[in-house]
Amino acid sequence: MVSQGVDRSESPAAGSAGSSSGILAEAQRRRSFAVISHPDAGKSTLTEALALHAQVIDSAGAVHGKSGRRGVTSDWMEMERQRGISVSSAVLQFSYRDAVINLLDTPGHGDFSEDTYRVLAAVDAAVMLLDAAKGLEPQTLKLFDVCRSRKIPVLTFVNKWDRPGREPLELLDEVEQRIGLRPMPLTWPLGIAGELKGLIEVATGEYTKFTRAAGGATRASAEVVAPEVVAADEPQFWSTAQDEIALLEEIGAQFDEKEFLAGTATPVLFGAALSNIGVARLLDALVDLAPPPSEREDAEGRPRALDTPLSGLIFKVQAGMDRAHRDRMAFLRINSGRFERGMVLTHAATGKPFATKYAQAVFGNQRTTVEEAFPGDIVGLVNANALRPGDTLYASGPIEYPAIPSFAPEHFSVARCADAGKTKQFRKGIEQLDGEGVIQVLRSDRRGDQAPVLAAVGPLQFDVVAARMESEFNAPIRLEGLPYQIARVTDEAGEAALSSQSECEVLTRSDGVKLAVFSNKWRMDVVIRKFPDVTFAPLLAGTVTD
Ligand code: G4P
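Residues numbered from 1 in each chain as written. Predicted model: local features only at pLDDT ≥ 70, side-chain atom pairs only at ≥ 80, totals over all residues. Heavy atoms only, no water.

The protein goes by Peptide chain release factor 3 in an unreviewed UniProt entry, where it is assigned to Pseudonocardia ailaonensis. We quote the UniProt Sequence similarities (unreviewed entry) comment for the protein here in full: "Belongs to the TRAFAC class translation factor GTPase superfamily. Classic translation factor GTPase family. PrfC subfamily." The UniProt entry for the protein carries the following text under Subcellular location (unreviewed entry): "Cytoplasm". (UniProt positions renumbered as here; feature names shortened; annotations may be inferred.)

Undergrad: Residue-level account of the nonpolar core, with values.
TA: With 37 residues, the main nonpolar core has Leu104, Leu120, Met128, Ile179 and Phe315 as its most contacted residues. Broken down by secondary-structure element, the contributors of at least two residues to this core are β1 (30-37), α4 (113-120), β4 (125-131), α5 (138-149), α6 (168-179), β14 (311-319), β15 (328-336) and β22 (378-382). In terms of residue count, α5 provides more of this core than any other element does, 5 residues in total. Once residues within four sequence positions are removed from consideration, Phe315 is found in contact with Leu104, Arg118, Val119, Ala122, Phe331, Leu332, Arg333, Ile378, Pro389 and Ile404. Counting residues in each nonpolar core, the second largest holds 32 residues, with Val35, Met184, Ala265 and Ala290 among its members. (Core = buried A, V, L, I, M, F, W, Y, C linked by side-chain atoms within 4.5 Å. Buried < 20%, exposed > 50% of the residue type's maximum accessible area, 1.4 Å probe, protein only. Helix = DSSP H or I, 4+ residues; strand = E, 2+ residues; numbered from the N terminus. Contact = heavy atoms within 4.5 Å.)

Undergrad: Can you break down the site of the ligand residue by residue, with the values?
TA: Within the structure, the ligand sits among 17 residues, and Asp40, Lys43, Ser44, Thr45 and Asp162 are positioned closest to it. Backbone polar atom of Asp40 to an oxygen atom of the ligand: 2.7 Å apart, as the coordinates give it. For the ligand, whose accessible area on its own is 700 Å², the fraction buried by protein is 72%. With 3 residues, the top contributor of residues to the shell around the ligand is helix α2 (residues 43-53). (Near = heavy atom within 4 Å. Polar contact = N/O pair within 3.5 Å; in protein donor to acceptor, adjacent residues only side chain to side chain. Areas by Shrake-Rupley, 256 points an atom, 1.4 Å probe, with all protein chains shown as cover.)

Undergrad: I'd like a rundown of the sheet that holds strand β26 (residues 453-456), residues and numbers included.
TA: Across the sheet, which stays open at both edges, the 8 strands sit in the order β27-β24-β26-β25-β29-β30-β28-β31 with antiparallel pairing between neighbours. Each edge of the open sheet is held by one strand with a lone partner, namely β27 (477-482) and β31 (537-538). The pairing of strand β24 (residues 411-417) with β26 spans 4 bridges and is classified as antiparallel. When the bridges of β26 are listed, Val414 appears paired with Val453. Each of β24, β25 (440-443), β26 and β27 touches helix α11 (residues 423-436); the most contacted strand, β24, lies at about 150° to it. Contacts from helix α14 (residues 521-530) reach β28 (486-490), β29 (504-509) and β30 (514-518), with the element oriented near 25° to β28. (Pairing = 2+ DSSP bridges. Axes fitted to C-alpha atoms, helices over the stretch in contact; angles between N-to-C directions.)

Undergrad: Any chance you could break down the side chain of Ser32 for me, citing the residues and the numbers?
TA: Within the secondary structure, Ser32 sits in strand β1. Only 2.6 Å separates the side chain of Ser32 from the backbone oxygen of Gly376, close enough to count as a polar contact. Those residues in contact with Ser32 that lie beyond four places of it in its chain are Asn102, Ala122, Val123, Asp124, Ala125, Arg333 and Gly376.

Undergrad: How would you summarise the sheet that holds strand β5 (residues 154-159) if you had to cite specific residues and measurements?
TA: The sheet built from 7 strands is open, its strands ordered β2-β3-β1-β4-β5-β11-β6 with mixed pairing. Of all strands in the sheet, those with a lone pairing partner are β2 (91-96) and β6 (182-185), marking the two edges. If you compare each strand with its neighbour and ignore which way they point, the axes differ by 30° on average. Bridge analysis of β6 against strand β11 (residues 265-270) gives 4 bridges, and the strand direction is parallel. Within β11, the position partnered with Pro183 by the bridge is Thr266. Against the sheet, helix α1 (residues 20-29) engages β1 and β3 (99-104), with an angle of about 30° to β1. Sitting on the sheet, helix α10 (residues 279-289) is in contact with β1, β2, β3, β4, β5 and β11, with an inclination near 85° to β2.

Undergrad: So, the UniProt feature "binding site: GTP" (unreviewed entry) in the protein: which residues are in play, and what are the values?
TA: Under the local residue numbering, the UniProt record ascribes the feature "binding site: GTP" (unreviewed entry) to Asp105, Thr106, Pro107, Gly108 and His109. Inspection of the secondary structure assignment puts Asp105 in the loop between β3 and α4. Along the chain, Thr106 turns up in the loop between β3 and α4. Of note is the side chain of Thr106, whose polar atom sits 2.9 Å from the backbone oxygen of Val35.

Undergrad: So what's going on with unusual backbone geometry? Residues and values would help.
TA: Residues apart from glycine generally show negative phi values, whereas peptide bonds are mostly found in trans. The omega torsion across Gly397 and Pro398 is 0°, close enough to zero to call that bond cis. The residue Pro398 is located in the loop between β23 (392-394) and β24 in this model. For Lys151, which is not glycine, the phi dihedral falls at a positive 55°. Within the secondary structure layout, Lys151 lies in the loop between α5 and β5. Accessibility expressed as a relative area gives 66% for Lys151, which makes it exposed. For Glu503, which is not glycine, the phi dihedral falls at a positive 55°.

Undergrad: Quick rundown of the side chain of Asp391? Include the residues and the values.
TA: The residue Asp391 is located in the loop between β22 and β23 in this model. Comment: no salt bridge for buried Asp391; closest opposite-charge side chain is Arg388, at 5.8 Å. At 2.9 Å, the side chain of Asp391 and the backbone nitrogen of Arg388 are in polar contact. With residues near it in sequence (within four places) discarded, Asp391 still touches Gly312, Leu313, Ile314, His347, Ala349 and Ala386. (Lys, Arg positive; Asp, Glu negative; His and termini not counted. Salt bridge = Lys/Arg side-chain N within 4 Å of Asp/Glu carboxyl O.)

Undergrad: Mind laying out the confidence of the model for the protein, listing which residues take part and the relevant values?
TA: When pLDDT is averaged along the protein, the result is 85, and 85% of the positions lie at 70 or above. Scored below 50 in pLDDT, residues 1-5 shows 24 contacts in the model against residues more than four places distant or in partner chains. (pLDDT = per-residue confidence, 0-100.)

Undergrad: Run through the packing of aromatic side chains, naming residues and quoting values.
TA: All told, the structure shown has 8 aromatic pairs when counted by the stated rule. Taken together, a centroid distance of 6.3 Å and an interplanar angle of 45° make the contact between Phe315 and Phe331 tilted. With a gap of 16 residues between them, Phe315 in strand β14 and Phe331 in strand β15 connect regions that are remote in the sequence. Here the two residues Phe315 and Phe331 agree in accessibility, since each one is buried. Consider the rings of Phe412 and Tyr484, whose centres lie 6.1 Å apart with planes at 85°: the pair is edge-to-face. Here the residue Phe412 occupies a position in strand β24, and Tyr484 occupies one in the loop between β27 and β28, the gap between them amounting to 72 residues. Classification of Phe412 by relative accessible area gives buried; the value is 2%. Linked through ring pairs, Trp161, Trp188 and Phe270 together constitute an aromatic cluster. Over the ring of Tyr117 we find Arg150, and its NZ or CZ is 5.3 Å from the ring centre. (Phe/Tyr/Trp six-rings, centres within 6.5 Å; stacked < 30°, edge-to-face > 60°. Lys NZ or Arg CZ within 6 Å of the ring centre and 35° of its normal.)

Okay, here's the thing in structure tokens:
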């Protein structure tokens, strides 16, 4: 997270920043969101374009370590770069108008959807990014489901309009038909996909003409042009667009704030992130429409007022973020109060104090010290060895936010230390990766501590574990796949019942939850029928709905 773009002097906060009115005013300025999309829809490009627009970074490419771009990664992230995937999430903070924007990045690959899910626990809105030629793709659908389940309002950005693509009305229809979200276009493209001339404001009719710049590193120039002029310059496109806008009005596609906030309708914007077309409009929509942080409920369902003492949720833990800092960092989303560096918080899970002397904003390899932060902001906490995703920290409590549910693992492998002299490092590494939530670690008395079972939502998680075990902990591992595909939460009765059954077993996760794992759904159904009084509860669906 970088915060050099944030100008505190713009703050309209009434009273001092720590007062109740000051906290509420600061919270009101925050917009914390994530972009959800299928790989290749342009998420990295859009993130860079957003940041470029807000002038946080001075050239495109500083956000991610993707091929050919100037990027910042740690050594284990080398693997991501080679594969063109982004495993880790960056947080970017910048000012735009009088708002403070927190943009949380999500991994694009489906194998890391559990990480994405955790990030979505820390945002107040999401941008659903669609490729104009492809529309809704599988990963977008899955992530949208997460937004729906968390009741996160979603804005839609139809990207790559500079390339041949589908009809805009057809794309809107797909959104409505397939995910039941009523589209409410805020802008409308002039010219077909691949021949984008400019964007029309649906509500006012104002037209902005775009002249594209080469590449994505500079903004396309934008110029407001009078309707008579564009009607004379582009008569065919203009009349088609006017007909379509009239149709939108007829079918009732006008913006409705209540429906947007309730998650039943989505404002839609068109553009091309690569040329910065429509990006400023998206930022304006985020500032004007996306909700600021609101009171979050604790595990008992009691809302925690924004101006009460500091409390927040750890949504991500990551080690080895760059070569110079081999420490473990926990990312705290602030839910209430004013954060001040140095304050001593309580870790709700253990009741132990946690000092925040080393609070940082982290963005790639840039780290800046965070002196203060407000609801909606993300703070990186260094030396966070005891903190796990889903944990609560508070200044005055007690309070505990609901845990972030785990996804149902679908891939299982036994991990063994490949070098008999490295068992200590092996244990330490497995424990740390477990604590970070990189993978679920399951154990049983029968298998012993030397051979824990790693349970993943997607197989790439195993590659990350193997690479990190070798490079960070100097403990190369051997993985042996297990023939399980499905997991259910059970208890001691389930453990006893399954001990006599084949093609299944019960393993215990490090948080004490017992998971019954089965070779397939058919086998599981047979076992469930056989033991009707035993609990076999589903976990959150990961890559497939089981
Ligand atoms: P992702 O993070 O969602 O995976 O997508 P990313 O931004 O890497 O974009 C995927 C590809 O789509 C990239 O091309 C990128 O340049 C291109 N792209 C993104 N936005 C636009 C757009 O508005 N218009 C057009 N025409 N292309 C766009 P690439 O060749 O795969 O990668 P690269 O070498 O450019 O990085």
